[in-house]
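The primary structure of each chain is shown beneath.
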Amino acid sequence: GDCGVGKTSIKKFVEFATDKTQTVQPTIGADICHVRLLHASSSSADHDRNIVVRITDICGQDTFRSVARQLYRDVHGVIMVCSVDYADSAHSLKTKWCDDIYEHGPDAVYGIVLINKCDLLHDTRLSDERRAQYESVMRQALQFANA
């Protein structure tokens, strides 16, 4: 997704590195982490069913798109992120990010569209106009995800 949609915050949440008092710095290039997903059973026989997922947080700036394109080669799945407070972010998923994945990634890639910052819709100080803009972004993203 584009810059500022919250990709880094999501990655930090998934790797349990969230410190709500700390400001998240923008990613430059790419930042990679590995997260072990444990099988629900605690039995040692199920240890082989645990998997390690590589999460790559790719910078949303156009100057780093060549780096991103190289990282698409070996992916099995992608999580594309847009944000309700950035009107063009849902449109960019289709016109920029998805096209890059189709062109530079493997033939079969699973994908998820994640709409970030939805909590902003519940802000009581939000104007009706701004709320309508946020809802429009959500509708665009949902239409893209269902296409």
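What you see is a predicted model; the values in this text were computed from it and never measured. (Residues numbered from 1 in each chain as written. Predicted model: local features only at pLDDT ≥ 70, side-chain atom pairs only at ≥ 80, totals over all residues. Heavy atoms only, no water.)

Draft legend 1. Quick peek at the overall build of the protein chain. Summing up its helical and strand segments, the protein chain has four helices and four strands in all. Reading the protein chain from its N terminus to its C terminus gives the helix and strand order α-β-β-α-β-α-β-α. When burial is assessed residue by residue, the protein chain has 31% of its 147 residues classed as buried. Residue pairs in contact within the protein chain that sit at least 24 positions apart in sequence constitute 66% of those at least 6 positions apart. If you sum the accessible surface of the protein chain, you get close to 10000 Å²; carbon and sulfur atoms cover 52% of it. (Helix = DSSP H or I, 4+ residues; strand = E, 2+ residues; numbered from the N terminus. Buried < 20%, exposed > 50% of the residue type's maximum accessible area, 1.4 Å probe, protein only. Contact = heavy atoms within 4.5 Å. Areas by Shrake-Rupley, 256 points an atom, 1.4 Å probe, with all protein chains shown as cover.)

Draft legend 2. Inspection of the pairing of strand 4 (residues 110-116) at higher detail. Across seven bridges, the pairing between strand 3 (residues 77-83) and strand 4 is parallel. Of the residues in strand 4, the one forming a bridge with Val78 is Gly111. (Pairing = 2+ DSSP bridges.)

Draft legend 3. Region of the structure containing helix 1 (residues 7-14). Burial in helix 1 covers these residues: Lys7, Thr8 and Lys11. Each buried residue of helix 1 lies within a common arc of 95 degrees when the element is viewed along its axis, so the set occupies one face. Considering only its buried residues, helix 1 is in contact with strand 1 (30-37), strand 2 (51-58) and strand 3. After helix 1 finishes, the residue Phe16 shows a positive phi value of roughly 60 degrees. (Arc of directions from axis to C-beta.)

Draft legend 4. Representation of unusual backbone geometry in the model. One non-glycine residue, Lys117, adopts positive backbone phi at about 65 degrees. Counting through the fold element by element, Lys117 comes out in the loop between strand 4 and helix 4 (128-146). Using a relative accessible area of 25% as the deciding quantity, one classes Lys117 as partly exposed.

Draft legend 5. Just the packing of helix 3 (residues 89-104) against helix 4, in detail. At a minimum axis separation of 7 Å, helix 3 and helix 4 run at an interaxial angle of 35 degrees. Facing helix 3, whose interface residues are Ser89, Ala90, His91, Leu93, Lys94 and Cys98, helix 4 presents Val137, Gln140, Ala141 and Phe144. Here the contact of helix 3 with helix 4 is composed, by residue class, of six nonpolar, three polar and one charged. (Axes fitted to C-alpha atoms, helices over the stretch in contact; angles between N-to-C directions. Nonpolar A, V, L, I, M, F, W, Y, C, P; charged D, E, K, R; others polar.)

Draft legend 6. Looking closely at the environment of Ser66. Following the sequence through the fold, Ser66 ends up in helix 2 (residues 65-71). A sequence separation of 34 residues divides Ser66 from Asp100, and the C-alpha atoms of the two residues are 9.9 Å apart.

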